[in-house]
Structures are given as structure tokens and as C-alpha cells.
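Residues per chain, in single letters:
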Amino acid sequence: IGNNKNWDIFPFIILFAVSVVHHWKTRWISLGLSVFALMGIQGVIEVDQLFWLKDTQQIANEWITEHIPIGSKIAKDSYTADFEKGLFKQPKHDVRYLPIEQVSKKIRYYLASSIRYERYLKNPDGNAKLTEFYKNLFGNSTKIKSFEYPNAPLNFVSPDISLYQV
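### Remarks on the side chain of Ser72
Right, so step 1: Looking at where Ser72 falls in the secondary structure, it is placed in the loop between helix H3 (56–67) and strand E1 (73–76).
Right, so step 2: The buried category is assigned to Ser72, whose relative accessible area is 7%.

Now the structure itself:
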């Protein structure tokens, strides 16, 4: 088994070996291999569960769609919720990714992502304009809702997303 991508089939290889050994009527080896296989299956199940979890971007999208007035103008960072404009879906909000220079009084809400703002708050000399923008956003705007995973399973990475009324 050469790379990590193959580890998810490892428990099934063990189960196959168990069935072969069990066929030979060697019960102790069969029992030991079964226990070993069950230990491996737990990791596979945990990883599979991660694929079914909604991340903070999806959760923010659903909450905003349900709770923010239809037609509201929302500016957003990258790494935030994607609002689908599919063939049969009518967008309920005017959502735009805008450079900070274009965020104006016409925008009612701002959706901020921790992946984006943390880089400027941790390194204020990197981009003074963006650092100032986020400081003003956090200091002068009302936080409506935060979406985060405080106890994320395994190494599940999902940005903290906050919705501000500006």
C-alpha cells in the first residue's frame, strides 16, 4: 500500500483476509484480524462523515437565505458563502464580491471570512488598507451572526464566517 489514498480500502483487505482465514478454521487468527479490521473501519467512517458535514460556508448561505430580507445588498470576502444563481434558482439577495474600495453606503451587509481577515490583522504591515478596513468593520458595524465550528472533528477546516450590518 503505497500512498494515503489506499488506506481507506485497508480494512476491507483485512476483512477479506479474515474470511479466508476463517474458511481455514483458524479462529484465533480470524478473531485477531477481525478486531484489527474494526479498528481501521472507525477511521474510514470518521473521514466519510466529514464529507457529509456542512461547512460554515454552506451553513451561512442557508441562514442568510432564510433570515436576511429578500433583495438585500451583501458584499462578501472570498472564502465565504456562495449563493447559487442556477437555471431554476432565483437569487434572493444581491450578493457581490467587492474590493473594499467599492464597499459603499449602498451595501447593507458584509460577509467576512476568518481566512481572509486574520491574515491582515495578524500582519498589519502586509496591507495597511485592508487592515484598516477590517478594524473599521469590526469596530463600527453590528455583528448579526457568526458561523463557526468550535469542536471540528479530526482536522476539518472551515473558516469562521461573520455577517455584519454596515
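### A closer look at the environment of Val44
Right, so step 1: Tracing the sequence through the fold places Val44 in helix H2 (residues 27–52).
Right, so step 2: A relative accessible area of 17% means that Val44 is categorised as buried.
Right, so step 3: Sequence separation between Val44 and Ile9 is 35 residues, and the spatial gap between their C-alpha atoms is 8.6 Å.

### What to know about a nonpolar patch on the surface
Right, so step 1: On the surface, Ile9, Phe12, Ile13 and Leu15 cluster together to form a nonpolar patch covering roughly 360 Å² of accessible area.
Right, so step 2: Note that Ile9 resides in the segment before helix H1 (10–23).

### Looking at the environment of Ser72
Right, so step 1: Linking Ser72 and Tyr109, residues 37 residues apart in sequence, is a C-alpha distance of 7.7 Å.
Right, so step 2: A distance of 2.7 Å separates a polar side-chain atom of Ser72 from the backbone oxygen of Pro69.

### Notes on H3
Right, so step 1: With 12 residues, H3 extends 16 Å between its outermost C-alpha atoms, agreeing within 8% with the 16 Å of an ideal straight helix rising 1.5 Å per residue.
Right, so step 2: Among all positions of H3, only Thr56, Ala60, Asn61, Trp63 and Ile64 are buried.
Right, so step 3: Buried residues in H3 make contact with E1, strand E3 (109–113), strand E4 (142–147) and strand E5 (161–165).

### Considering the packing of helix H4 (residues 114–122) against helix H5 (residues 128–140)
Right, so step 1: At a minimum axis separation of 9 Å, H4 and H5 run at an interaxial angle of 110 degrees. Of the possible angle classes, the one that applies to H4 and H5 is roughly perpendicular. Crossing angle aside, the handedness with which H4 passes H5 is left-handed. Note on element contacts: H5 touches H4 through Leu130, Thr131, Tyr134, Lys135 and Phe138, opposite Arg116, Tyr117, Tyr120 and Leu121.

### Digging into the packing of aromatic side chains
Right, so step 1: Here the structure, examined in full by the defined rule, presents 8 aromatic pairs.
Right, so step 2: Ring centres of Trp63 and Phe147 lie 5.8 Å apart, and the angle between their planes is 65 degrees; on these two criteria the pair is classed as edge-to-face. One end of the pair, Trp63, is in helix H3; the other, Phe147, is in strand E4, and 84 residues separate them in sequence. Across the pair, Phe147 and Trp63 agree in class, each one buried.
Right, so step 3: Connected via pairs of aromatic rings, a cluster forms that spans Tyr110, Tyr117, Tyr120, Phe133, Tyr134, Phe138 and Tyr164.

Scoring rules and cut-offs
- Residues numbered from 1 in each chain as written.
- Predicted model: local features only at pLDDT ≥ 70, side-chain atom pairs only at ≥ 80, totals over all residues.
- Heavy atoms only, no water.
- Helix = DSSP H or I, 4+ residues; strand = E, 2+ residues; numbered from the N terminus.
- Buried < 20%, exposed > 50% of the residue type's maximum accessible area, 1.4 Å probe, protein only.
- Patch = residues over 30% accessible without salt bridge, like charges linked within 9 Å, V, L, I, M, F, W, Y side chains within 5 Å.
- Areas by Shrake-Rupley, 256 points an atom, 1.4 Å probe, with all protein chains shown as cover.
- Salt bridge = Lys/Arg side-chain N within 4 Å of Asp/Glu carboxyl O.
- Polar contact = N/O pair within 3.5 Å; in protein donor to acceptor, adjacent residues only side chain to side chain.
- Expected span 1.5 Å × (residues − 1).
- Contact = heavy atoms within 4.5 Å.
- Axes fitted to C-alpha atoms, helices over the stretch in contact; angles between N-to-C directions.
- Parallel < 35°, antiparallel > 145°, perpendicular 65-115°, else oblique.
- Left-handed = near helix turned anticlockwise from the far one by under 90°.
- Phe/Tyr/Trp six-rings, centres within 6.5 Å; stacked < 30°, edge-to-face > 60°.

None of this, on its own, says anything about what the molecule does.
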